[in-house]
Amino acid sequence: MTKLTAYRGHILSARADGEWDDWPDGLVSVDAAGTICAAGPWKLRRETGRVVDLRPHVILPGFVDTHAHIPQMPACGAHGESLLRWLRTWIYPLEAAFRGERARAGAEAFFREMLAEGITTAALYASAWPDGVDACFAAAKKAGVRALIGPPLMDVESYRDDLRRARRRTERVLSEAAVLCRTWHQPRGRLRFAFTPRFALSCTPELMAGAAELAARYDAPVQTHLAENREETRLVEKRFGSRYLEVYRRCGLVRPGAIFAHAIWLDDGEWRALGDAGASVAHCPSSNLFLRSGTMRWRAGARVGLGSDVGAGPSLSPFDVMRASIATGACTDPAALLRAATREGAAALGFPGGCLEAGQPADFVVLDRGIVVPPGGPDLENTRDLISRIVHRCNRAAVSATYVDGELRAGATGPVAGRTRSCLRATRTWASR
Ligand SMILES: [Zn+2]
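Residues numbered from 1 in each chain as written. Predicted model: local features only at pLDDT ≥ 70, side-chain atom pairs only at ≥ 80, totals over all residues.

**Digging into the domain arrangement of the protein chain**
- Examined at the domain level, the protein chain breaks down into domain 1 (4-62 + 355-432) and domain 2 (63-349).
- For domain 1 and domain 2, the distance between their C-alpha centres works out to 30 Å.
- Counting from both sides, the interface comprises 22 residues of domain 1 and, opposite them, 23 residues of domain 2.
- For the side of domain 1 that touches domain 2, the elements supplying multiple residues, two or more each, are helix H14 (383-393), strand S16 (399-404) and strand S17 (407-411).
- Examining the composition of the side of domain 1 that touches domain 2, we find that six residues originate from one element, H14, more than from any other.
- In terms of residue class, the side of domain 1 that touches domain 2 is built from twelve nonpolar, five polar and five charged. (Domains from an automatic or database assignment. Contact = placed C-beta atoms within 7 Å. Helix = DSSP H or I, 4+ residues; strand = E, 2+ residues; numbered from the N terminus. Nonpolar A, V, L, I, M, F, W, Y, C, P; charged D, E, K, R; others polar.)

**Looking at the sheet that holds strand S12 (residues 259-262)**
- The strand order across the open sheet formed by four strands is S11-S12-S13-S14, and the pairing between neighbours is parallel. The open sheet has two free edges, formed respectively by strand S11 (223-226) and strand S14 (303-306), since each of these has just one partner strand. Going across the sheet, the axis of each strand differs from the next one's by a mean of 30°, ignoring polarity. (Pairing = 2+ DSSP bridges. Axes fitted to C-alpha atoms, helices over the stretch in contact; angles between N-to-C directions.)

**Here's the deal with the pairing of S11**
- Taking every second residue as pointing to the same face, both faces of S11 are buried, with Gln223 and His225 on one and Thr224 and Leu226 on the other.
- Examined bridge by bridge, S11 and S12 share four bridges and lie parallel to one another. The residue bridging His225 from the neighbouring strand is Ala261, located in S12. (Buried ≥ 20, exposed ≤ 12 C-beta atoms within 10 Å, placed from the backbone.)

**Observations concerning the packing of helix H2 (residues 100-116) against helix H3 (residues 130-143)**
- H3 packs onto H2 with a crossing angle of 35° between their chain directions and a minimal axis gap of 8 Å. The crossing of H2 and H3 is right-handed. Contacts from Gly100, Ala103, Arg104, Ala107, Glu108, Phe111 and Leu115 in H2 reach Asp131, Gly132, Ala135, Cys136, Ala139, Ala140 and Ala143 in H3.
- The residue makeup of the contact of H2 with H3, split by class, is nine nonpolar, two polar and three charged. (Left-handed = near helix turned anticlockwise from the far one by under 90°.)

**Some remarks on helix H1 (residues 83-96)**
- The axis of H1 is deflected most strongly, by about 40°, at Trp90, and proline Pro93 appears within four residues downstream.
- Among the residues of H1, Leu83, Leu87 and Glu95 are the ones counted as buried.
- The secondary structure elements touched by the buried residues of H1 are helix H7 (230-240). (Bend = angle between axes of the 7 residues up to and from the residue.)

In structure tokens form, the structure reads like this:
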């Protein structure tokens with residue numbers, strides 16, 4: 001008989017039909033492989049097994065960060081300048097040093113931080129050094145997260161001194177990426193390789209077209225930046241003689257599963273073109289606020305996930321990202337943001353999860369109800385108000401525990417986590433009652 005563990009608490013999860021599952025006394029039942037085999041109201045439970053009683057806390061799908069840079073974490077919160085100056089002055093030197101022991105330690109710290117913020121799945125950029133990429137994958141494997149990772153491909157103004165002097169630079173960058181993909185890419189596993197042209201200004205058309213070809217050959221996703229900053233967008237149009245998205249389209253990068261970060265300076269037709277291609281937008285409002293890049297207009301057409309864009313985003317916190325979207329007016333609907341931070345984000349990256357449903361991996365977070373609901377707040381309230389409180393009131397301290405594939409991967413510190421841990425210890429067996 002399969003060993004099951006049931007997590008009992010207030011279950012909240014975005015459904016495919018646009019509604020929410022909201023069970024104040026609910027359960028998520030997880031099998032030994034870490035897959036959800038049932039979710040629903042507690043009183044309708046059928047299975048027997050171990051119970052982890054997390055009441056009155058909220059059990060939510062793990063957060064999905066659709067865009068962040070592992071080597072840039074040390075830059076978070078400092079040097080708020082405009083994009084191109086920020087990259088050249090602060091970021092390229094940081095990434096150029098991201099290799100060897102520094103990359104190992106930096107990547108491990110990044111994934112600890114990610115799990116502590118309640119993020120179970122992410123699309124990430126490593127450094128352009130192959131050993132920096134290896135360090136990121138090794139750390140992601142050790143942390144047990146779900147991640148899509150790639151080196152930012154650059155054959156124009158690369159910070160790699162060996163490439164600046166190299167002939168056949170483009171071929172070398174592509175062949176290194178192909179080797180990394182063969183080493184790490186598991187199309188149905190937790191870790192996937194992403195072909196990652198950094199942005200149009202750091203790539204020749206040959207590099208972008210080559211990356212698109214390799215992505216098709218290896219059944220791997222592509223990710224890049226698109227129309228983040230006005231100056232950048234104008235320079236792209238000047239260099240390539242067409243609109244930014246058209247540059248990518250001609251190179252074959254606008255393809256199913258592609259993830260485009262920012263998408264600020266686009267028109268309605270370009271949003272529809274992204275959606276028609278099966279591509280998604282990584283909306284990064286806290287980063288856009290920090291670098292004063294502009295406000296994305298969330299339009300119909302493409303799927304939208306949320307991205308912290310660390311280190312332009314000041315933190316990995318999905319709550320900070322959601323609130324930045326509201327503050328900038330990009331999206332003012334908490335439910336749309338929470339959906340983008342979970343279900344839509346997972347779909348954008350092509351990963352399972354993002355919802356608490358049978359057949360999905362048991363990727364979830366436990367949010368401390370004492371932080372979600374203020375003192376004197378109601379014991380029960382409608383779904384819209386609960387979502388609003390989560391988006392507007394929560395922070396890292398609210399994330400009491402983070403699970404991936406049914407494994408406890410992080411628990412926060414402090415009295416809240418202490419209570420959660422004691423809940424975790426207080427397990428019972430239905431069969432024995
Ligand atoms: Zn970025």
